[in-house]
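Chain and residue survey
What follows is the residue order along each chain.
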Amino acid sequence: MNLDHIDCTSPLLPPLEEFLGRQARLDAALEDVDAALFFSARSIFYLTGCALSQTERPVVLIHVLGKENLLFVPRMEREHVELTVKGCRAVCYEEYPGEIHPMRQLGALLKDLGVSAAAADGDGYASSWGYRGPALSQVCPALRLTWIPHVVPLLRQIKSPFELMLMRESSKWSNLAHVLLKKYTRPGLSELEICQRASTEAASAMLATFGPHYRMSGMDRDGVRAVFRGQVGKNAALPHAVVINAVCRPGDGIITGTNAYIQGYFTEMERVLFVGEPSPAQIRYYELALEAQRTAFSVIKPGIRCSEVDREMRRFYRENGIEALWRHHTGHAIGTEGHETPFFDVGDDTVLQPGMCMTVEPGLYVEEMGGFRVSDTLHITETGLEQLTCFPKDLASIVCT
């Protein structure tokens, strides 16, 4: 196979050592098994860098401890794996559903490999694309199985120096996207034309800067995204509104969101923009939202439980008489997915550790007026926190005139 056209020198491409380190951490978390099986696309991407379009065709990572990694894929993906994935051997089945179902072929492969005890993140493949098939436990009745659905999500909580580099890079381009959102937000323009223009211009600048060093990961969206997500004017009182192509009008408050995707990693930044000068009531609620976020920042440090942060946030709402404006927990981990574990929630007692990346996004939602949510992504350090996202929050920086 000719690999000449694959650029392996890019500083944005994870080196093989990054994946070997992740696999070593996985091995340390496993006991008394010969292999670990992963059906989750996100786990496969994290452990190998493999990003395949998972449809009705099963894709399985077989990590044989101390020996090798095999990617069990349909024949159509063999060259893709060989060209783009380091440290894995492709083992193919012809097609799904085929004369012999891929899951049964997987069972035969595990037997040939001599696997008698395995850990797996699920009892088989699952897809919303019309897939049907037997469970892993059905095709391997003699295989001693241990279920590990949460092992890789737990490993992903602590970001490596390489992952942090990607997330810091993401924050820079997310900031540019927000600069452009503010620049193009004007009365009479629709959210789609504003957001599309900002997204495209920011993505073009990023691509021009990286040049041949930028490689799309294949996971989720790539490039830069700048959105209002329908949170315009009174509709911003809905925390997870959807795009309605709202037209901006004088006096509207808008909740924004920007992300930049760098090799599958990204940060989250949300701000409030005002179309023209805000009213005294809008300023009051906005300042309360800022104070809420500062309150959360003041208690976040290594050794603190996530639940403690959310309890402090709820105390703030209670003491300021705004409990009725509360809608959601204080934040969540982020990295290769928009929401990762752990969560700043009273029900999550996870202890914060250095290397975790968390969003802090308290919000106030006022019916008939709008929403006031400010979100930043933080890196938990040995001594406190590092704020990765950085667009300013003072009124002069968020009023569109």
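Per chain, residue numbering runs from 1 following the sequence as it is written. The predicted origin of the model limits local features to residues at a pLDDT of at least 70 and limits the giving and counting of side-chain atom pairs to 80 or more, whereas totals for whole chains, interfaces and linings rest on all residues. Based on all heavy atoms of the structure, the side-chain values leave hydrogens and waters out of the count.

1. Here's the deal with the side chain of His101
Which entries qualify depends on this criterion: Each helix is a run of DSSP H or I of at least 4 residues and each strand a run of E of at least 2, with the numbering of both proceeding from the N terminus. As used in this structure description, the phrase polar contact means that two N or O atoms lie within 3.5 Å; if the pair is within protein, one of them must be able to donate a hydrogen and the other to accept it, and residues adjacent in sequence are counted only when both atoms belong to side chains. Working rule for contacts: check all heavy atoms of both residues, and any pair within 4.5 Å makes them a contact.
Mapped onto the elements of the fold, His101 is located in the loop between β4 (89-93) and α4 (102-112). A distance of 3.0 Å separates a polar side-chain atom of His101 from the backbone nitrogen of Met103. Once residues lying within four places of it in the same chain are set aside, the contact partners of His101 are Tyr96, Tyr131, Arg132, Gly133 and Pro134.

2. So, the nonpolar core
What counts is decided by this rule: Among buried residues, the Ala, Val, Leu, Ile, Met, Phe, Trp, Tyr and Cys ones that are joined through side-chain atoms within 4.5 Å form a nonpolar core. Type-normalised accessible area, obtained with a 1.4 Å probe on protein chains alone, sets the label of each residue: buried when under 20%, exposed when over 50%, and partly exposed for intermediate values.
Counting residues in each nonpolar core, the largest one holds 94 residues, and the members touching the most others are Phe38, Leu71 and Leu364. With 9 residues, the top contributor of residues to this core is helix α7 (residues 161-184). Residue contacts for Leu71: discarding those within four places in its chain leaves Ile44, Cys50, Val60, Leu61, Val81, Val85, Cys88, Arg89, Ala90 and Val91. Formed by 24 residues, the second largest nonpolar core is a distinct cluster that contains Phe72, Ala120, Val139 and Leu143.

3. Brief notes about the sheet that holds strand β10 (residues 272-275)
How we decide: By the convention used here, strands pair only if DSSP detects at least 2 bridges between them.
Pairing within the open sheet is mixed, and its 3 strands lie in the order β8-β10-β18. Here the strands that pair on one side only, and so sit at the sheet edges, are β8 (253-255) and β18 (399-400).

4. Some remarks on the pairing of strand β7 (residues 223-227)
Of all the 5 residues making up β7, 4 are buried; the element is thus mostly covered by neighbouring parts of the structure. Two elements, β7 and strand β9 (residues 257-261), share 5 bridges in a ladder whose sense is antiparallel. Bridge assignment links Val227 to a residue of β9, and that residue is Gly257.

5. What about the pattern of salt bridges?
Put simply, the rule is: A side-chain nitrogen of Lys or Arg and a carboxyl oxygen of Asp or Glu constitute a salt bridge if their distance falls within 4 Å.
Inspection of the entire model under this criterion finds 22 salt bridges. Across the pair Arg57 and Glu95 runs a salt bridge whose closest N-O atoms are separated by 2.7 Å. Here the residue Arg57 occupies a position in the loop between α2 (41-48) and β2 (60-64), and Glu95 occupies one in the loop between β4 and α4, the gap between them amounting to 38 residues. With a relative accessible area of 18%, Arg57 lands in the buried category. Two residues, Glu79 and Arg75, come together in a salt bridge whose shortest N-O distance is 3.0 Å.

6. Some remarks on the packing of aromatic side chains
How two aromatic rings sit relative to each other is given by the distance of their centres and the angle of their planes. Here is the rule: Aromatic pairs are defined between Phe, Tyr and Trp rings, using the six-membered ring for Trp, whenever the two ring centres lie within 6.5 Å; interplanar angles under 30 degrees are classed as stacked, those over 60 as edge-to-face, and all others as tilted. Two conditions define a charge sitting above a ring: the NZ of Lys or the CZ of Arg must be within 6 Å of the ring centre, and it must be within 35 degrees of the ring normal.
Counted by the stated rule, this structure contains 8 aromatic pairs. Among the aromatic residues, those joined into a ring-pair cluster are Tyr96, Tyr125 and Tyr131. The aromatic ring of Tyr184 is capped on one face by Arg197, whose charged end is 3.8 Å from the ring centroid. The ring of Tyr285 has Arg284 sitting right over it, with the charged end atom 5.0 Å from the ring centre.

7. Section: the environment of Gly384
In this structure, Gly384 sits in the loop between β16 (376-380) and β17 (385-387). Gly384 gets classed as buried once you look at its relative accessible area, which sits at 10%. Distance in space between the C-alpha atoms of Gly384 and Glu79 is 45 Å, their sequence separation being 305 residues. Excluding its chain neighbours within four sequence positions, the residues that come into contact with Gly384 are Lys301, Pro302 and His379.

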